[in-house]
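Residue-level structural notes
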6 protein chains.
Amino acid sequence: MNKEIFDRGLEIRKKVLGAEFVEKSLATADEFNMPMQELTTEYCWGAIWGRDGLPHKTRSMLNLAIISVLNRPHELKMHIKGALKNGVTKGEIREVFMQVAVYAGIPAGVDSFRIAREAFAQVEKSA
Amino acid sequence: MNKEIFDRGLEIRKKVLGAEFVEKSLATADEFNMPMQELTTEYCWGAIWGRDGLPHKTRSMLNLAIISVLNRPHELKMHIKGALKNGVTKGEIREVFMQVAVYAGIPAGVDSFRIAREAFAQVEKSA
Amino acid sequence: MNKEIFDRGLEIRKKVLGAEFVEKSLATADEFNMPMQELTTEYCWGAIWGRDGLPHKTRSMLNLAIISVLNRPHELKMHIKGALKNGVTKGEIREVFMQVAVYAGIPAGVDSFRIAREAFAQVEKSA
Amino acid sequence: MNKEIFDRGLEIRKKVLGAEFVEKSLATADEFNMPMQELTTEYCWGAIWGRDGLPHKTRSMLNLAIISVLNRPHELKMHIKGALKNGVTKGEIREVFMQVAVYAGIPAGVDSFRIAREAFAQVEKSA
Amino acid sequence: MNKEIFDRGLEIRKKVLGAEFVEKSLATADEFNMPMQELTTEYCWGAIWGRDGLPHKTRSMLNLAIISVLNRPHELKMHIKGALKNGVTKGEIREVFMQVAVYAGIPAGVDSFRIAREAFAQVEKSA
Amino acid sequence: MNKEIFDRGLEIRKKVLGAEFVEKSLATADEFNMPMQELTTEYCWGAIWGRDGLPHKTRSMLNLAIISVLNRPHELKMHIKGALKNGVTKGEIREVFMQVAVYAGIPAGVDSFRIAREAFAQVEKSA
């Protein structure tokens, strides 16, 4: 593990997904899934999100598109909430999923809109 | 068919993919694939690309991510060239595919980088 | 939006998915997802389902195969119920999913059979 | 191996894909891929295509949809030719791929139309 | 159906997934899904798992990788439990999903780790 | 970049894919794709292949399954050759792809067998 990249990744991960959520994920990790927590933090959040080439807002929009096509609802919901934190507006989220609907098919679009509405409701409730 | 949306779509499609390419696609369409040409132009380029909510440059980046994950090399190469026309830099294309590599897996990233290099070579040759 | 195609799409959508369900979807749509409702109704149900080239029963069978492979359980369940409305028999649904099992893999088949049994139970309960 | 199902499968496979092609596949099989040839013939063509519940024409249309979504061009081209042998018209093939384009996304549709035109050209040339 | 292969498949299926679970699946099968039960037992468990070329432990590891990429949570959980029965250790399951995370993307890895922890908890509870 | 993990990754990558191939990939990398070369070497070959939990032979078999399902022919061919280097026999490769055929569908199996035969022919020719 590269401590410097891990730390940078941890900071970005907390900023996007929320410090409480991330700290809980790490605190409840056990011998089984700790290596996965470390890999994600270092490579995903440190080595990619920590790069300069794109603003975090753009990376969030890309992730909504990617994870929607990959069909991973848990991860999608988390990244919808993260996108709001990174300044993506609801209107922009709508545009991303409209584009997904046409390029990856109507069911991918419909599912993503449903998950987005659930995410919005949870964010508003906890606000 | 909605003539107004089709015409708007045709204009955008020509701007992004090149007038010559699009005119040839339509001119060589026959009874079999003309409905698909019309659907794509109206639905994809008119109803989605014609919307106001996101700049074309952002839509291009989203498409690179989506089509890379969908694993459609022909379409990806076309949209890489279109992305360059829409002002996406090579550096930004690299960032999109680095993010794809981590979220959709290394083979998706490696394939996309190879296709991008082919696309760049073709663009430079024809310049 | 093309009013004529939208209206034709709305009619077909109600016939296949049930008027009550469709009216509720439209009535509860908000600024966020109304454009997706319109896109789906116009392009999916109007521009495709409204075409003459295949009977609705065949389109339902194709959709069961497509959505099963796409791995979208919510949409699949809805289209299983729609298929019954369009005259696809339980025996024919079984054949579609047997074919999916061999061409798209056993887990796709097993999942689709489980979802179909849930859909049948819901239809029988509400009958 | 179940000899009876294998023989029924072999007969159907020859009818749909052409006796010459199938005989060549079996004749050039070696120790490495013979078990795969046998599995395909028995499991795919015997145990599924040999079932009574759907006419071969419908099974061909389902396969075009399934393999198009699965994104397997070699297999798709082979099954487009097989679909023509099973009485699926070009107009019906167009409808299947239009439906794929909306449910599985425009790139899946565009790719399938291109492959279909290649398949038609090969069939006409060899006629 | 080939009685001999079906019986061998049934035996292996019971060994890996548990006799109680398999007997219940067969006992609650009806006219609709019995052919799918038979297909799975004969081809999946008899014709593939019954082959000599790989030990069951290796087949279990391959299945974790395959079903994780295929994104089928129900089937994945079942096969995680089966993998434990076949002697795959938790540490080895971790390695399989770490490798999935890098080759098929972080969300596939994260989802698989979450499902694995649920499976482990269920196994420990019923022990 | 973590120099230690990169170096370990580079060594393993050369061992599995061949020193000549890897050196050429790095030597012809430019500003555009060098970051991807580094990510792959460090993340894929260092952080995953460099872990102790599974022998390289098992990792090769897992990769054949994963990349076959992901439908990435270029990468699959490269990893088939790598698998032979890691001691996976042709017979074991056959078993992996038979299992893929049943769990991910016949077209995935057929495609993988075809690619394997091409890879074997290239290896034998260059031997």
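Now for a look at the structure at hand.

**Description of the overall build of chain A**
Per the secondary structure count, chain A includes seven helices and zero strands. Going from N to C terminus, chain A has its helices and strands arranged as α-α-α-α-α-α-α. In summary, chain A has a C-alpha radius of gyration of 15 Å against a globular reference of 14 Å for 127 residues, a match within 12%. A principal-axis box enclosing the C-alpha atoms of chain A has dimensions of 40 × 35 × 25 Å. Charged side chains of chain A number 18 positive and 16 negative; the gap between the two group centres comes to 7 Å.

**Comments concerning the relation of the copies chain D and chain C**
Expressed as a screw transformation, the operator carrying chain D onto chain C has a rotation angle of 180° and an axial translation of 0.0 Å, and the superposed copies differ by an RMSD of 0.1 Å. What the rotation and shift describe, once combined, is the action of a two-fold rotation axis. When the interface residues of chain D are mapped onto chain C, 100% of them are again interface residues, pointing to one common binding face.

**Comments concerning helix α7 (residues 106–126) of chain E**
The terminal C-alpha atoms of α7(E), which comprises 21 residues, lie 30 Å apart, in line with the 30 Å expected from a rise of 1.5 Å per residue. Within α7(E), burial applies to Ile106(E), Pro107(E), Ala108(E), Gly109(E), Asp111(E), Ser112(E), Phe113(E), Ile115(E), Ala116(E), Ala119(E) and Phe120(E).

**Notes on the interface of chain B and chain E**
Taken together, the contact pairs seven residues of chain B with seven residues of chain E. For the pair chain B and chain E, the summed buried surface comes to about 430 Å²; carbon and sulfur atoms form 65% of the total. For the chain B face of the interface with chain E, the top three residues by lost area are Val102(B), Tyr103(B) and Ile106(B), together amounting to 64%. Summed over the shared surface of chain B and chain E, the result is two residue pairs in polar contact (both at pLDDT 80 or more). Elements supplying a minimum of two residues to the side of chain B that touches chain E: α6 (90–103) and α7 (106–126) of chain B. Sorting elements by how many residues they give to the side of chain B that touches chain E places α6(B) first, with three residues. Split into classes, the residues belonging to the side of chain B that touches chain E amount to six nonpolar, one polar and no charged.

**Looking at the packing of helix α6 (residues 90–103) of chain C against helix α7 (residues 106–126) of chain C**
All names here are of chain C. At a minimum axis separation of 7 Å, α6 and α7 run at an interaxial angle of 160°. Between α6 and α7, the crossing angle belongs to the class labelled roughly antiparallel. Along this stretch, α6 crosses α7, giving a crossing that reads as right-handed. Residue-level contacts link Lys90, Ile93, Arg94, Phe97, Met98, Val100 and Ala101 of α6 to Ile106, Ala108, Gly109, Ser112, Phe113, Ala116, Phe120 and Glu124 of α7. Tallied by class, the residues present in the contact of α6 with α7 amount to 10 nonpolar, two polar and three charged.

**With respect to the packing of aromatic side chains**
Taken as a whole, this structure holds 27 aromatic pairs over all chains when the rule is applied. Judged by centre distance (4.9 Å) and plane angle (75°), the ring pair of Phe32(D) and Phe120(F) falls under edge-to-face. Placement of Phe32(D) in the loop between α2 (19–27) and α3 (34–46) and of Phe120(F) in helix α7 (residues 106–126) is noted, with the two residues assigned to different chains. For the pair Phe32(D) and Phe120(F), one class covers both residues: buried. Relative to Phe113(F), the ring of Phe97(F) has its centre 6.1 Å away and its plane inclined at 65°; by these criteria the two rings are edge-to-face. Taken as a pair, Phe97(F) in helix α6 (residues 90–103) and Phe113(F) in helix α7 lie far apart in primary sequence, 16 residues in all. Summarising the burial analysis for this pair, Phe97(F) and Phe113(F) share the class buried. Through a chain of ring-to-ring contacts, the aromatic side chains of Phe32(A), Phe97(E), Phe113(E) and Phe120(E) assemble into a single cluster. In this structure, Lys90(A) is placed above the aromatic ring of Phe120(A), and the distance from its NZ or CZ to the ring centre is 4.6 Å.

**So, empty space enclosed by the protein**
This model, assessed by the stated rule, comprises four cavities of 30 Å³ or more. Each pocket or cavity is described by its volume, and for the largest cavity that value is around 1000 Å³. Lining the largest cavity we find 44 residues, and of these Val69(B), Val69(C), Val69(D), Val69(E) and Val69(F) sit closest to its centre.

Thresholds applied
Residues numbered from 1 in each chain as written. Chains lettered and ligands numbered in written order. Predicted model: local features only at pLDDT ≥ 70, side-chain atom pairs only at ≥ 80, totals over all residues. Heavy atoms only, no water. Helix = DSSP H or I, 4+ residues; strand = E, 2+ residues; numbered from the N terminus. Rg over C-alpha atoms; globule rule 2.2 N^0.38 Å. Lys, Arg positive; Asp, Glu negative; His and termini not counted. Charge placed at Lys NZ, Arg CZ, Asp CG, Glu CD. Least-squares fit on C-alpha atoms with pLDDT ≥ 70 in both. Contact = heavy atoms within 4.5 Å. Expected span 1.5 Å × (residues − 1). Buried < 20%, exposed > 50% of the residue type's maximum accessible area, 1.4 Å probe, protein only. Buried area = accessible area lost by both parts, 1.4 Å probe. Polar contact = N/O pair within 3.5 Å; in protein donor to acceptor, adjacent residues only side chain to side chain. Nonpolar A, V, L, I, M, F, W, Y, C, P; charged D, E, K, R; others polar. Axes fitted to C-alpha atoms, helices over the stretch in contact; angles between N-to-C directions. Parallel < 35°, antiparallel > 145°, perpendicular 65-115°, else oblique. Left-handed = near helix turned anticlockwise from the far one by under 90°. Phe/Tyr/Trp six-rings, centres within 6.5 Å; stacked < 30°, edge-to-face > 60°. Lys NZ or Arg CZ within 6 Å of the ring centre and 35° of its normal. 1 Å grid on protein atoms, 1.4 Å probe; cavity = no way out; pocket = protein on both sides within 12 Å on 5 of 7 lines; lining within 4 Å. Points joined across faces, edges and corners; volume = space filled by probe spheres on them.

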